[in-house]
Amino acid sequence: QVQLVESGGGLVQPGGSLRLSCAASRRIFGLYAMGWYRQAPGKERELVAVIHISSDTTTYADSVKGRFAVSRDNAKDNMYLQMNNLQPEDTAVYYCNARYGVMDDWGKGTLVTVSS
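Remember, it's a predicted structure, so these values are computed and weren't measured experimentally.

Criteria and thresholds
- All residue numbers here refer to positions counted from 1 along the written sequence of the relevant chain.
- Local features in a predicted model are, by the rule used here, given only for residues with pLDDT of at least 70; side-chain atom pairs are given and counted only at 80 or more, and totals for whole chains, interfaces and linings are based on all residues.
- Side-chain metrics rest on all non-hydrogen atoms present in the structure, leaving aside hydrogens and water.
- Numbering of helices and strands starts at the N terminus; helices are DSSP runs of H or I of at least 4 residues and strands are runs of E of at least 2.
- The atom set for the radius of gyration is the C-alpha atoms, and the globule formula is 2.2 Å times the number of residues raised to the power 0.38.
- Burial status follows relative accessibility: with a 1.4 Å probe on protein chains alone, a residue under 20% of its type maximum counts as buried, one over 50% as exposed, and anything between as partly exposed.
- To be clear on the numbers: accessible area is Shrake-Rupley with a 1.4 Å probe, and residue cover counts the displayed protein chains and nothing else.
- Working convention for charge: Lys and Arg count positive, Asp and Glu count negative, and His plus the chain ends are omitted.
- In plain terms, the charge of a residue is placed at NZ if it is Lys, CZ if Arg, CG if Asp and CD if Glu.
- Paired strands, as defined in this entry, are two strands with at least two bridges between them according to DSSP.
- Each axis is a line fitted through C-alpha atoms, taken for helices only over the stretch in contact, and angles between the N-to-C directions span 0 to 180 degrees.
- We call a pair of cysteine sulfur atoms a disulfide whenever their separation is within 2.5 Å.
- Note on definitions: the grid is 1 Å and covers protein atoms alone; a cavity is a set of points where a 1.4 Å probe fits but cannot get out; a pocket is an open set with protein on both sides within 12 Å along at least five of seven lines; lining residues have an atom within 4 Å of a point.
- Grid points are joined across faces, edges and corners, and a volume is the space filled by probe spheres set on the points.
- Put simply, Ala, Val, Leu, Ile, Met, Phe, Trp, Tyr, Cys and Pro go in the nonpolar bin, Asp, Glu, Lys and Arg in the charged bin, and everything else, Gly too, in the polar bin.
- When two rings of Phe, Tyr or Trp (its six-membered ring) have centres within 6.5 Å they constitute a pair, described as stacked for plane angles under 30 degrees, edge-to-face for angles over 60, and tilted for the intermediate range.
- Placement of a charge over a ring requires the Lys NZ or Arg CZ to be within 6 Å of the ring centre, with the centre-to-atom vector within 35 degrees of the ring normal.

Caption draft 1: A look at the overall build of the chain. Regarding its fold elements, the chain presents zero helices and eleven strands. Relative to its length of 116 residues, the chain is compact, with a C-alpha radius of gyration of 14 Å against a globular reference of 13 Å. Across its three principal axes, the chain shows a C-alpha extent of roughly 40 × 25 × 25 Å. Out of the 116 residues in the chain, the part that is buried amounts to 42%. Carbon and sulfur atoms provide 49% of the accessible area of the chain, an area that totals close to 6200 Å². For the chain, the distance from the average site of its 12 positive side-chain charges to the average site of its 11 negative ones is 3 Å.

Here it is, written out as structure tokens:
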């Protein structure tokens, strides 16, 4: 199992930006996907952005396209989410996810609140 720890959440005004980080406890062998998910109050957890490792391609939720950008540190298997032009609808707990081999690991989440 890999320990995943998110950081960078907080309170931001509409139109502002935040950068989330996900730190992996070790290099992940057999990694095939890393992504960010979020869960807003009263809603189901949803995919925000995912990196498909073998093809080096990314997938974004329609609601965040053009505003969010996901990236990865190849040396440490850390992952980042740059969030721009944040809106109140983006308020949620954001979770880091890694899929490798037959494993599917999750961080404990970091809270993002967008409010004026």
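Let us keep going from here.
Caption draft 2: Representation of unusual backbone geometry within the structure. Even without glycine at this site, D56 takes up a positive phi of about 55°. Its relative accessible area of 65% is what places D56 among the exposed residues. Phi at N85 takes a positive value of approximately 50°, unusual for a residue other than glycine. Tracing the backbone through its elements, the reader meets N85 in the loop between β8 (78-83) and β9 (92-100).

Caption draft 3: Region of the structure containing the sheet that holds strand β1 (residues 4-7). Sheet architecture is open: four strands sit in the order β1-β3-β8-β7, paired in antiparallel fashion. Two strands close off the open sheet at either side, each with one partner strand: β1 and β7 (68-73). Shown here is a sheet whose adjacent strand axes are inclined to one another by a mean of 15°, direction ignored. Examined bridge by bridge, β7 and β8 share six bridges and lie antiparallel to one another. Bridged to V70 within β8 is L81.

Caption draft 4: Summary view of the state of the cysteines. For the coordinates displayed, the defined rule picks out one disulfide. At a sulfur-sulfur separation of 1.9 Å, the disulfide partner of C22 is C96. Taking the torsion about the S-S bond as the criterion, the C22 to C96 disulfide, at about -70°, is left-handed. Here C96 lies in strand β9 and C22 lies in strand β3 (residues 18-24), a separation of 74 residues in the sequence. No difference in accessibility class separates C22 from C96, as the two residues are buried.

Caption draft 5: Layout of the layout of surface pockets. Volume-wise, the largest pocket comes out at about 210 Å³. Lining the largest pocket are 14 residues, and of these R38, K43, E46, E89 and D90 sit closest to its centre. Across the lining of the largest pocket, the residue classes tally to three nonpolar, four polar and seven charged.

Caption draft 6: Inspection of the packing of aromatic side chains at higher detail. All chains considered together, the criterion is met by one aromatic pair. Directly above the aromatic system of Y95 lies the positively charged group of R45, at a separation of 3.8 Å from the ring centroid. We note R45 situated over the ring of W106; from NZ or CZ to the ring centre the distance is 4.6 Å.

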